Structure formats: structure tokens, C-alpha cells
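# Analysis of the macromolecular model
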Amino acid sequence: GNGKIFYTSFTSLSHMSKWGGELVEFPYTSNETLATISQSLESRVGMPETRRQWLQYKLKSGELTRVMEAHDGLSALLVERTKVGPPGKEDVYDGLWISSLCDSTVKGKPDTELVDLTARPQTVSQILDVTTKPIVFDMDTGGMLEHFVYNIATIEKAGVSAVIIEDKTGLKRNSLFGTSVEQHQESIDNFCEKIRAGKSVIRSGNFMLIARIESLILKQGLEDAMARATAYVEAGADGIMIHSKETSPQEVFAFCDQFRSVDPVTPIVAVPTTYCSVTEEELLAHGVNMVVYANQLLRASYPMMEKTARSILEHHRALESEDMCMSIKHILSLIETP
Ligand code: SPV
Ligand code: MG
């Protein structure tokens, strides 16, 4: 405040009194107040509630919410920090996707809910610890209804911003297997019951439960997807994820157009893994609110590891692999000391 500045301008109070001066403490100025507010906001960046509010705000903004997969602390740091474009107008990721596929694969396990909801909060905690952005958690089927109500409370307390549960039942297989393996869709009634049970135990008003529809994956058609979407929203879902493993985005566009004609507001989430030629602008034009890049960082890192492992075996030394590796200087500089 001004009082402080005044005081520190003088070497001592006795000098001041020689000149007949006295110490005057001015009331704190509005700048001081603003600084305090800004400090307190900064200290809350990255707190679960701030992430949740930010996700809600972004989803209502009319812009596309861009969510990128992260499977550990370092990949999450990369998502958090990557910026492209001129200063002040950079494109950034708005949130992090904790994929069941990546969370399982990175542990060397199949994506069948084997890496379960007692193990996965450890990944959440690693990622939460080093980031500030909203976290969207792939909760698979959520498990049996009787377990789901416990699991969702655990995940909410772990600091996640939104969860997505998929309408499958029995042994869950990854959606990208499609109909090449045996997998079953849950009945509409049972899944609605799960949504209602989940919503009833959520404590934070901003924590979102998004319902994921597997009708297109399981070749059940657009009509089934639409019936499910309206039922799931009616049951309380805060958003709808529509998944597809076609290489063209047409069936996703058809669903979005039809859903938007009956529901202009409920957020739609799309996962363009197989139909990766689609642009963000096209998704937005069909009413999609959130795009999830579900596995690209994990898939990007392994080809180089494979090459490096082969190169060292072939050459009986590491020299030839050096160009494929990040420099030690760079890797050390990635982690900031607090
Ligand atoms: C995941 O990333 O684990 C997903 C999306 O659920 S998919 O792998 O396409 O099923
Ligand atoms: Mg998954």
C-alpha cells in the first residue's frame, strides 16, 4: 500500500521527526485489493472446482472444447503447455482426456476394465498434480450399478471435472474392435437407471456425467442412437458422446444434425479416431461441442521407442539412436522446480 512505500522511502523514523514529519498510513488502495483478489484466484487455478467451472463455461461458449489424451504426468504437462499460433491468439487444448485404452495400454493391460476404478485414480492424481486444465475421465461402463454409485463418488473426490460412461454391459471390449469381438449394449432402461443413480450421488453442481452411445459402433443404427440420446438426457445426462469407428464422419454428422433438431443445448462429444480427416470446423458446424483426441499422444510416442530399442540391439551401442531421442538438457528442462 501507499503507507509502505512512504515508510520505505526514509532511512529511519527519527530523521522524519527531526523535520517535523510523521508516519501516515494510508488506507489500502483499490490496487492492493485487486492484487489480493488476483492472488487468491491464481492460488485456485487447478483446484477441482475451478477446472469444473472452466469446463462448463467453455462448453457454453459456442466454441469447440478441445480435449487431448494424457496418460501420465509428463504427457499431461505436454498437453497443458502446448500452444500454437501468434502470442495472445494461440490455439491450446482446453482439457485432458484420461482414456481407458491409454491408461490400460501404458500398463501393458487390455482395455477391458481390468485396470479398474481402484487403480485409475492414481493416474488422475498424477495428472491433477501437475496441471490446471479440466479433466474428462473415461469411466468405461462405470461397473455394476451397485458399485457405480461408490465409484462415481470416488472419481468426483479425486478431482475430475467430467466423467463419461458408455452404454455397454458384461465384459467391456474397446469400441474400436466394433463387431469383430463379442460385446453387448446395455438396455435403455438399465442405463437410464445408472445415469439417475450417478446423478443422485454427485455433490458438486459443476461435475458432469456424460452418457456415451455405442449404437453406431455396434451397428444398431441411427434410430437406436437417437432413442438412447433422448432417453439419457431425460434421465439427467449432462452431455452425450456419440462414438463411431467409420472412416467417414457421415454417420456422426447425421446423428448430430438429428439430435440438434430436437435438442439444441445438451453438449455433444465426438471422438474422431478412425474418421480423423474431419476438421474441428466441420464438427462445430454440425453442433459438436467437445472433440476428444483419445489416444494420439500414446500412439505417437511408441514408434520412436520401438525404433530406438531395435537400433541399440542392432548396433550394440546407443550412438545411432541419439537422434531419435530428446536431449538430456531438454528432458531436464521439462520439469520446473517449484
Ligand atoms: C478410450 O480412449 O479409451 C475410449 C475411446 O474409450 S475408444 O478407444 O475409441 O473406445
Ligand atoms: Mg475407453
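Above this text is the structure in question.
Rules behind the numbers
Residues numbered from 1 in each chain as written. Chains lettered and ligands numbered in written order. Predicted model: local features only at pLDDT ≥ 70, side-chain atom pairs only at ≥ 80, totals over all residues. Heavy atoms only, no water. Buried < 20%, exposed > 50% of the residue type's maximum accessible area, 1.4 Å probe, protein only. Helix = DSSP H or I, 4+ residues; strand = E, 2+ residues; numbered from the N terminus. Pairing = 2+ DSSP bridges. Near = heavy atom within 4 Å. Polar contact = N/O pair within 3.5 Å; in protein donor to acceptor, adjacent residues only side chain to side chain. 1 Å grid on protein atoms, 1.4 Å probe; cavity = no way out; pocket = protein on both sides within 12 Å on 5 of 7 lines; lining within 4 Å. Sits in = over half its atoms within 2 Å of the grid points. Nonpolar A, V, L, I, M, F, W, Y, C, P; charged D, E, K, R; others polar. Donors = N, O, S within 2.8 Å, 3.2 Å for Na, K, Ca; no water. Contact = heavy atoms within 4.5 Å. Arc of directions from axis to C-beta. Right-handed = clockwise from strand over helix to strand, strands pointing away. Axes fitted to C-alpha atoms, helices over the stretch in contact; angles between N-to-C directions. Parallel < 35°, antiparallel > 145°, perpendicular 65-115°, else oblique. Left-handed = near helix turned anticlockwise from the far one by under 90°.

Okay, the pairing of strand E5 (residues 135–138) next. Walk down a regular strand and you will see the side chains alternate between the two sheet faces. Of the two faces of E5, the one carrying Ile-135 and Phe-137 and the one carrying Val-136 and Asp-138 are both buried. Bridging between strand E4 (residues 95–98) and E5 involves three bridges; their strand directions are parallel. If you follow Ile-98 over to E5, its bridge partner there is Phe-137. One ladder, built from three bridges, connects E5 with strand E6 (residues 162–166); its direction is parallel. The residue of E6 that forms the bridge with Asp-138 is Ile-164.

A separate point is the site of ligand 1. In the neighbourhood of ligand 1, the contacting residues comprise Trp-97, Ser-99, Ser-100, Leu-101, Asp-138, Asn-174, Ser-175, Leu-176, Arg-212, His-243 and Ala-294. Ser-99 is positioned such that a nitrogen or oxygen atom in its side chain is 2.8 Å from an oxygen atom of ligand 1. A distance of 2.9 Å separates an oxygen atom of ligand 1 from a polar side-chain atom of Asn-174. Counting atoms within 2 Å of the grid points, the majority share of ligand 1 lands in the largest cavity. Of the residues contributing to the shell around ligand 1, the split by class is four nonpolar, five polar and two charged.

Our next topic: unusual backbone geometry. The general pattern is negative phi for most residues beyond glycine and trans for most peptide bonds. One non-glycine residue with positive phi stands out, namely Glu-113, at about 70 degrees. Turning to its location among the elements, Glu-113 is positioned in the loop between helix H6 (100–105) and helix H7 (120–130). The exposure class assigned to Glu-113 is partly exposed, which follows from its relative accessible area of 21%. Phi at Lys-219 takes a positive value of approximately 60 degrees, unusual for a residue other than glycine. Mapped onto the fold, Lys-219 is located in the loop between strand E9 (208–213) and helix H10 (221–234).

So, on to the coordination of the magnesium ion (ligand 2). Put simply, a metal with four donors set out as a tetrahedron has ideal angles of 109.5 degrees, and one with six donors set out as an octahedron has ideal angles of 90 or 180 degrees. Looking at the magnesium ion (ligand 2), the protein donor atoms are Ser-100 (OG) and Asp-138 (OD), and they sit 2.1 to 2.2 Å from it. With Ser-100 in helix H6 and Asp-138 in strand E5, this pair connects stretches of sequence that are 38 residues apart. The class for Ser-100 is buried, based on a relative accessible area of 2%. Asp-138 sits in the buried class, given a relative accessible area of 5%.

With respect to the helices and strands, the residue Lys-58 is situated in helix H4 (residues 48–59). Classification of Lys-58 as buried rests on a relative accessible area of 10%. The residues contacting Lys-58, other than those within four sequence positions of it, are Glu-63, Leu-64, Thr-65 and Asp-94.

Of all the positions in H7, only Arg-120, Pro-121, Thr-123, Val-124 and Ile-127 are classed as buried. With its buried residues spanning 150 degrees around the axis, H7 presents them on a single face. Every exposed residue of H7 that faces more than 90 degrees away from the buried side is listed here: Gln-122 and Asp-129. Contact partners of the buried residues in H7: helix H5 (73–81), E4, H6, E5 and helix H8 (145–157).

Let's shift gears to the pairing of E6. Within E6, five of the five residues are buried, which leaves it mostly tucked inside the rest of the structure. In E6, alternate side chains face the same way, and those of Ala-162, Ile-164 and Glu-166 on one face and Val-163 and Ile-165 on the other are all buried. A crossover connection joins E5 to the parallel E6 through H8; in handedness this β-α-β unit is right-handed. Where E6 meets E9, five bridges bridge the pair, whose relative direction is parallel. Its bridge partner lying in E9, Ala-162 is registered against Met-208.

Take the packing of H8 against helix H9 (residues 188–201) next. Two elements in contact, H8 and H9, have axes whose closest approach is 9 Å; the angle formed by their N-to-C orientations is 40 degrees. When the axes of H8 and H9 are compared, the pair comes out oblique. For the pair H8 and H9, the crossing hand works out as right-handed. Two secondary-structure elements touch here, H8 through Leu-145, Phe-148, Val-149, Ile-152 and Glu-156 and H9 through Glu-193, Lys-194, Ala-197, Gly-198 and Val-201. Among the residues forming the contact of H8 with H9, the class breakdown is six nonpolar, one polar and three charged.

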